[in-house]
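Now for the letters of each chain:
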Amino acid sequence: MTTLGFFYSCYKEKRAVEYSISELRVHYPDSPIYLVSDGGLDFSYLKETYDKLHVSLEEDTMSATFGITGDQVTGNFREQKNQEAIRKGAWAVLNRLEEAINFCKTDYILMLDPDALVRGKLTIPDDAKLLGSRINSGLPQGFKDVLSSIDGAKVIDTWGATPGIFECRTFLKALNVLKCNTSILDKLSMEYYAMYAHDLLLPTLFALVGEEETLDRKSTRLNSS
């Protein structure tokens, strides 16, 4: 039987977080939840209501990215301070997801924002590595060139893993590739500004081990406003 854990990345969306978790618990009453507040509210009070819930208040890694612009010609994302913010944000997401995997100890993790609602049991295909929306397309050629230079990597041009369901074992395999060669992320962030955003970060990570984000319309009982 496939097991599923849940990861929330939050800020100050108090009512949205409370409602999303309450809806989630209707369908997954016993599944582990790992919640990180990125420099926002302290949600530790939720542990009084829910079991198998880890809550962590972490450093704000997103505010420094708000002024970053991504135009390939006029954008400021290649400036040193902005590159540092992009990479810091990206590594924060990856490290927190690794910690979530260690806490949840499940086959898969669903990463979602507070505005996402789980409306029923989710069906995950047996061979799925990363499920997402693939709603975006058109990555810069330089980004693709970096991927094409990596042995075993897959060149992607569509992404949208938010919410995203991923296999933990493949995530850890891909994360190890990145940790063994951190310059990969450095090169990618110089080609595209939004490497800190998990809707792109997850598909890119999985691409490093030859896995492409897939869209499975039958599996989704998720609403996101």
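It should be noted that the structure appears before, not after, this text.
I will try to describe carefully the structure that is included in this document. (Residues numbered from 1 in each chain as written. Predicted model: local features only at pLDDT ≥ 70, side-chain atom pairs only at ≥ 80, totals over all residues. Heavy atoms only, no water.)

**Focus on the pattern of salt bridges**
Put simply, the rule reads: A pair is scored as a salt bridge if a Lys or Arg side-chain nitrogen falls within 4 Å of a carboxyl oxygen belonging to Asp or Glu. Strands here are runs of E lasting at least two residues and helices are runs of H or I lasting at least four, both read from the DSSP assignment and numbered beginning at the N terminus. Think of it in three bands: residues with accessible area under 20% of the maximum for their type are buried, residues over 50% are exposed, and the middle band is partly exposed, with areas taken using a 1.4 Å probe on protein chains only.
Enumeration over the complete set of coordinates arrives at eleven salt bridges. A salt bridge links Arg119 to Glu23; the shortest N-O distance between them is 3.6 Å. In this pair, Arg119 is assigned in the loop between β5 (116-118) and β6 (130-131) and Glu23 in helix α1 (residues 14-27), connecting sequence segments 96 residues apart. Assessed through its relative accessible area of 41%, Arg119 is described here as partly exposed. With a closest N to O distance of 3.6 Å, Glu167 and Arg169 form a salt bridge. For Glu167, a relative accessible area of 9% translates into the label buried. Several salt bridges share partner residues, and in doing so they unite Lys129, Glu167 and Arg169 into one network.

**Examining the pairing of strand β2 (residues 33-38)**
Cut-off, in case you're wondering: Think of it this way: DSSP has to see at least two bridges between two strands before they count as a pair. Clockwise travel from the first strand over the helix to the second, with the strands pointing away from the viewer, marks a crossover as right-handed.
Most of β2 sits inside the fold, with six of its six residues counted as buried. Burial of the side chains of β2 extends over both faces: Ile33, Leu35 and Ser37 are buried on one face and Tyr34, Val36 and Asp38 on the other. The sheet contact formed by strand β1 (residues 4-10) and β2 spans five bridges and is parallel. Paired with Cys10 across the bridge in β2 is Ser37. For the crossover that starts at β1, traverses α1 and ends in the parallel β2, the hand is right-handed.

**Some words on the packing of helix α3 (residues 141-148) against helix α5 (residues 183-191)**
Inclusion rule: Note on geometry: axes are C-alpha line fits, over the in-contact stretch for helices, and angles between N-to-C directions span 0 to 180 degrees. Geometric relationships in this document are graded by angle, where less than 35 degrees denotes roughly parallel, more than 145 denotes roughly antiparallel, 65 to 115 denotes roughly perpendicular, and other angles denote oblique. Helix crossings fall into two classes, left-handed where the near helix is turned counterclockwise from the far one by less than a right angle and right-handed where it is turned clockwise. Residue contacts are counted whenever heavy atoms from the two residues lie within 4.5 Å of one another. Amino acids are sorted into nonpolar (Ala, Val, Leu, Ile, Met, Phe, Trp, Tyr, Cys and Pro), charged (Asp, Glu, Lys and Arg) and polar (every other residue, Gly among them).
Where α3 contacts α5, the two axes come as close as 8 Å, and the packing angle between them is 160 degrees. As the angle between them shows, α3 and α5 are arranged roughly antiparallel. In terms of crossing hand, the pair formed by α3 and α5 is right-handed. When α3 is examined against α5, the residues Gly142, Phe143, Val146 and Leu147 are found in contact with a partner set consisting of Ile184, Lys187, Leu188 and Glu191. Looking at the contact of α3 with α5, its residues break down into five nonpolar, one polar and two charged.

**Notes on the sheet that holds β1**
In space, the six strands of this open sheet follow the order β3-β2-β1-β4-β9-β6, with mixed pairing throughout. Whereas interior strands pair on both sides, the edge strands pair on one side only; in this sheet they are β3 (53-58) and β6. Sheet analysis places β2 next to β3, joined by six bridges and oriented parallel. Bridge pairing in β3 links Asp38 to Glu58. Those strands touched by helix α2 (residues 80-104) are β1, β2, β3, β4 (108-112) and β9 (164-167), and its axis lies near 155 degrees from that of β2.

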